[in-house]
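Inside the fold
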Amino acid sequence: MKIGGHELDVPVMLAPLASISTPAFRVLCEEQGCGLTWTEMVSVPGLVRGSSKIMRLVRPSSPGRPLAVQLVGARPEEMEAAAAWVAEQGAALVDINMGCPVKKVVKTGAGVALMRSPALAADLVRAARRGVDDRLAVTAKIRTGFRGQVNAPALARRLEDAGVAAITVHGRVREQVFGGPVDHATIAAVVEAVSVAVVGNGDVRDGPSYHHMRRVTGCAGVMVGRAALGNPWVFAELAAAAKGVPPPPPPDAGERKAVMRRHLALYLRDYPEGVAAREIRKHLIWYSKGMRNAVEFRRRLQTVATAQEVEAAIDGL
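Only a predicted model underlies this, so the values are computations on that prediction, with no experimental measurement involved.

In terms of residue burial, helix H10 (residues 234–243) counts as a mostly covered element, since 7 of its 10 residues are buried. The set of residues buried in H10 consists of Val234, Phe235, Ala236, Leu238, Ala239, Ala240 and Ala241. Where H10 is buried, its residues touch strand E3 (12–14), helix H1 (23–31), helix H9 (207–217) and strand E11 (221–224). Phi turns positive, to about 75°, at Gly244, one or two residues after H10.

Glancing now at the pattern of salt bridges. All chains considered together, the criterion is met by 12 salt bridges. In this structure, the salt-bridge partner of Arg172 is Asp203, at a minimum N-O distance of 2.9 Å. Taken together, the residues span a long stretch of sequence, with Arg172 in strand E9 (residues 166–173) and Asp203 in the loop between strand E10 (197–201) and H9 at a distance of 31 residues. For Arg172, a relative accessible area of 2% translates into the label buried. When its relative accessible area of 37% is taken as the criterion, Asp203 is described as partly exposed. Where Asp315 meets Arg261, a salt bridge forms, and the shortest distance between an N and an O atom there is 2.5 Å. You can see Asp315 sitting in helix H15 (residues 307–315) and its partner Arg261 sitting in helix H11 (residues 253–270), a full 54 residues away along the chain.

The topology assignment puts Arg116 in the loop between helix H5 (103–106) and helix H6 (118–132). Sequence separation between Arg116 and Val191 is 75 residues; the distance between their C-alpha atoms is 20 Å. Within the structure, Arg116 has its side chain in polar contact with the side chain of Gln149 (distance 3.1 Å).

Once that is clear, we can look at the packing of aromatic side chains. This model, assessed by the stated rule, comprises 2 aromatic pairs. Ring geometry for Trp233 against Tyr287: centres 5.9 Å apart, planes inclined by 70°, an arrangement best described as edge-to-face. Residue Trp233 is found in the loop between E11 and H10, and its partner Tyr287 is found in helix H13 (residues 281–287); the two are separated by 54 residues along the sequence. On the basis of relative accessible area, Trp233 is assigned to the buried category, the value being 7%. Its relative accessible area of 0% is what places Tyr287 among the buried residues. It is Arg143 that lies over the ring of Phe178; its NZ or CZ is 5.4 Å from the centre.

Across the interface, helix H7 (residues 152–162) lies against helix H8 (residues 184–193) with an axial gap of 8 Å and an inter-helix angle of 30°. Two packed elements cross with a definite hand, and for H7 against H8 that hand is right-handed. Of H8, the residues touching H7 (which contributes Ala152, Pro153, Ala156, Arg157 and Glu160) are Thr186, Ala189, Val190 and Ala193. Taken together, the residues of the contact of H7 with H8 sort by class into 6 nonpolar, 1 polar and 2 charged.

Thresholds applied
- Residues numbered from 1 in each chain as written.
- Predicted model: local features only at pLDDT ≥ 70, side-chain atom pairs only at ≥ 80, totals over all residues.
- Heavy atoms only, no water.
- Buried < 20%, exposed > 50% of the residue type's maximum accessible area, 1.4 Å probe, protein only.
- Helix = DSSP H or I, 4+ residues; strand = E, 2+ residues; numbered from the N terminus.
- Contact = heavy atoms within 4.5 Å.
- Salt bridge = Lys/Arg side-chain N within 4 Å of Asp/Glu carboxyl O.
- Polar contact = N/O pair within 3.5 Å; in protein donor to acceptor, adjacent residues only side chain to side chain.
- Phe/Tyr/Trp six-rings, centres within 6.5 Å; stacked < 30°, edge-to-face > 60°.
- Lys NZ or Arg CZ within 6 Å of the ring centre and 35° of its normal.
- Axes fitted to C-alpha atoms, helices over the stretch in contact; angles between N-to-C directions.
- Left-handed = near helix turned anticlockwise from the far one by under 90°.
- Nonpolar A, V, L, I, M, F, W, Y, C, P; charged D, E, K, R; others polar.

Written as structure tokens, this is what we have:
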């Protein structure tokens with residue numbers, strides 16, 4: 001799969017997940033075979049204001065891996081400035097979020113609200129392309145639309161005309177948020193509507209669902225979100241599916257604990273100890289699903305404040 005000048009050996013991506021797709025987690029997913037990882041959703045107004053908290057989100061993961069940054073905003077002049085800034089920071093790909101269903105994003109006119117403003121959505125793509133001066137590819141992530149207003153194919157054509165290099169389609173309407181059946185037919189309609197690469201997103205969680213998404217939609221690649229929570233190993237299975245080889249065995253308890261410790265070490269590379277101990281709790285809870293002593297482990301995590309206390313809790317699993 002090719003996006004701009006980047007060839008992905010494995011057409012599988014990690015979705016831009018808020019507070020999840022940190023450099024630490026992206027490294028773990030890349031090590032398991034993920035073809036491309038996106039940063040967390042980055043606020044364009046925050047970048048323009050110079051917010052240090054927002055700027056910290058634009059950081060690479062593994063050396064030599066492309067820095068792919070997702071931006072969310074609704075003002076073309078701000079999008080142009082933000083795209084220029086992330087390009088200066090070394091970004092290789094820029095994505096514009098047109099699918100986030102969260103109310104605080106939608107009420108600003110950004111995220112999935114842009115699907116009801118196709119002219120503005122296209123203007124944002126053109127603005128981002130001006131900002132990066134065609135040095136790197138600009139892509140977009142959309143949904144199928146709104147209930148009663150499924151317009152993904154029509155919007156995709158406008159975005160292609162504006163210059164996107166690829167389009168990711170989450171196969172749900174805004175009202176579904178992240179649950180309910182995936183609309184593969186509309187993803188397939190987007191594939192038919194445009195000539196750029198289309199990425200299918202929604203309920204891809206293993207080899208069979210990967211093959212199903214690719215077969216019924218004709219998409220060039222897939223994006224994985226919730227299936228990766230506490231489970232970077234999903235990318236090993238998906239990479240095997242993409243290469244047509246048998247999947248690796250699932251991780252045993254020892255491997256799970258080893259990855260927990262590595263995740264903590266990677267967090268400590270980027271955050272102060274107290275922040276790392278707090279932020280990693282949710283990941284450790286997901287990792288511990290199905291493990292012995294998981295209930296006691298989760299109870300202990302409620303009070304951890306240091307790396308040593310996190311390590312001790314992991315030892316008890």
